[in-house]
Amino acid sequence: MKKFMLMLSAVFAVSLFGADTVVNGNFPDPRKPGQPPKTWNLVSGSKGSLEVIRTGKGNAVMLNSESGKKNRFGIYGPAIAAQVGDIVEFSAKVRGSKDIALGIFQYSEPKGTASQIKFVKLTTGESEVKQSFTVTDTPKGKTTKVRAVFYVKDGCSASVASPKVTVTKAAEAGK
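These notes cover the structure that comes with them. (Residues numbered from 1 in each chain as written. Predicted model: local features only at pLDDT ≥ 70, side-chain atom pairs only at ≥ 80, totals over all residues. Heavy atoms only, no water.)

**Thoughts on the layout of surface pockets**
Part 1 of the argument: Taken as a whole, the largest pocket spans an internal volume of roughly 230 Å³.
Part 2 of the argument: In this structure, the largest pocket is lined by 16 residues; those nearest its centre are Thr55, Lys57, Ala60, Glu126 and Ala161.
Part 3 of the argument: Of all the elements in the fold, those that place two or more residues in the lining of the largest pocket are strand E3 (48-55), strand E4 (58-65), strand E7 (87-96) and strand E12 (157-168).
Part 4 of the argument: Per-element tally for the lining of the largest pocket: the top contributor is E4, with four residues.
Part 5 of the argument: Among the residues forming the lining of the largest pocket, the class breakdown is four nonpolar, eight polar and four charged. (1 Å grid on protein atoms, 1.4 Å probe; cavity = no way out; pocket = protein on both sides within 12 Å on 5 of 7 lines; lining within 4 Å. Points joined across faces, edges and corners; volume = space filled by probe spheres on them. Helix = DSSP H or I, 4+ residues; strand = E, 2+ residues; numbered from the N terminus. Nonpolar A, V, L, I, M, F, W, Y, C, P; charged D, E, K, R; others polar.)

**Let's talk about the pairing of strand E8 (residues 99-108)**
Part 1 of the argument: Counting buried positions along E8 gives ten out of ten residues, so the element sits mostly inside the fold.
Part 2 of the argument: Across the two faces of E8 the burial is the same, with Asp99, Ala101, Gly103, Phe105 and Tyr107 and Ile100, Leu102, Ile104, Gln106 and Ser108 all buried.
Part 3 of the argument: Pairing analysis gives ten bridges linking E8 to strand E9 (residues 112-121), with the strands arranged antiparallel. For Gly103, the partnering residue across the bridge sits in E9 and is Ile117.
Part 4 of the argument: Linking two consecutive strands that pair antiparallel, namely E8 and E9, is a turn of three residues; a positive phi of about 55° is found at Lys111 within it.
Part 5 of the argument: With eight bridges connecting them, E8 and strand E11 (residues 143-153) associate as antiparallel partners. Considered in E11, the bridge of Ser108 is made with Thr143. (Buried < 20%, exposed > 50% of the residue type's maximum accessible area, 1.4 Å probe, protein only. Pairing = 2+ DSSP bridges.)

**Concerning the packing of aromatic side chains**
Part 1 of the argument: In the structure shown here, the tally under the stated rule is six aromatic pairs.
Part 2 of the argument: Relative to Phe150, the ring of Phe90 has its centre 5.5 Å away and its plane inclined at 85°; by these criteria the two rings are edge-to-face. Linking Phe90 in strand E7 with Phe150 in strand E11, this pair joins segments that are 60 residues apart in sequence. Per residue, the accessibility class of Phe90 equals that of Phe150, and both read buried.
Part 3 of the argument: Feature note: the residues Phe27, Trp40, Phe90, Phe133 and Phe150 constitute an aromatic cluster, connected by ring pairs.
Part 4 of the argument: Here the guanidinium or amino end of Arg72 rests over the ring plane of Tyr151, the centre of that ring lying 5.3 Å away. (Phe/Tyr/Trp six-rings, centres within 6.5 Å; stacked < 30°, edge-to-face > 60°. Lys NZ or Arg CZ within 6 Å of the ring centre and 35° of its normal.)

So far we have only geometry, and geometry alone does not tell us how the molecule works.
Set out below in structure tokens:
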């Protein structure tokens, strides 16, 4: 019984004070061919196609944007509890042409939204990209959740594999 309580206390302490990994390095299988992996969704207004590709190390997602200056195609992940000052860090292995956008969508009640996006130039071959974002409030209120987002634009194609998203709570981020 003491071992159980000690283990439960350790789990509680890590979840309360440590960084919380919310996307663990693999895309789930898709609902149907041509659709995003389960728990992921298409970015609104996306123009293009995607394919979930099984690899020896899990699933990768190939994003293909239609040509055109305002065209983009992307996916966003499951909702993650977050508030102002939290640090959202994510990484992925990417391969493709031109560049890929990585970012977060932020949500507040009622219906407030904001986003933070950074573009990463892709090089030949696979490379690991890492980005971090400090959560801010939306123009309409206090942020309560965020979602990781990847997208390509203007005829670009990129594969994304091994996505990892970690949230460090504001109290811990300052230490």
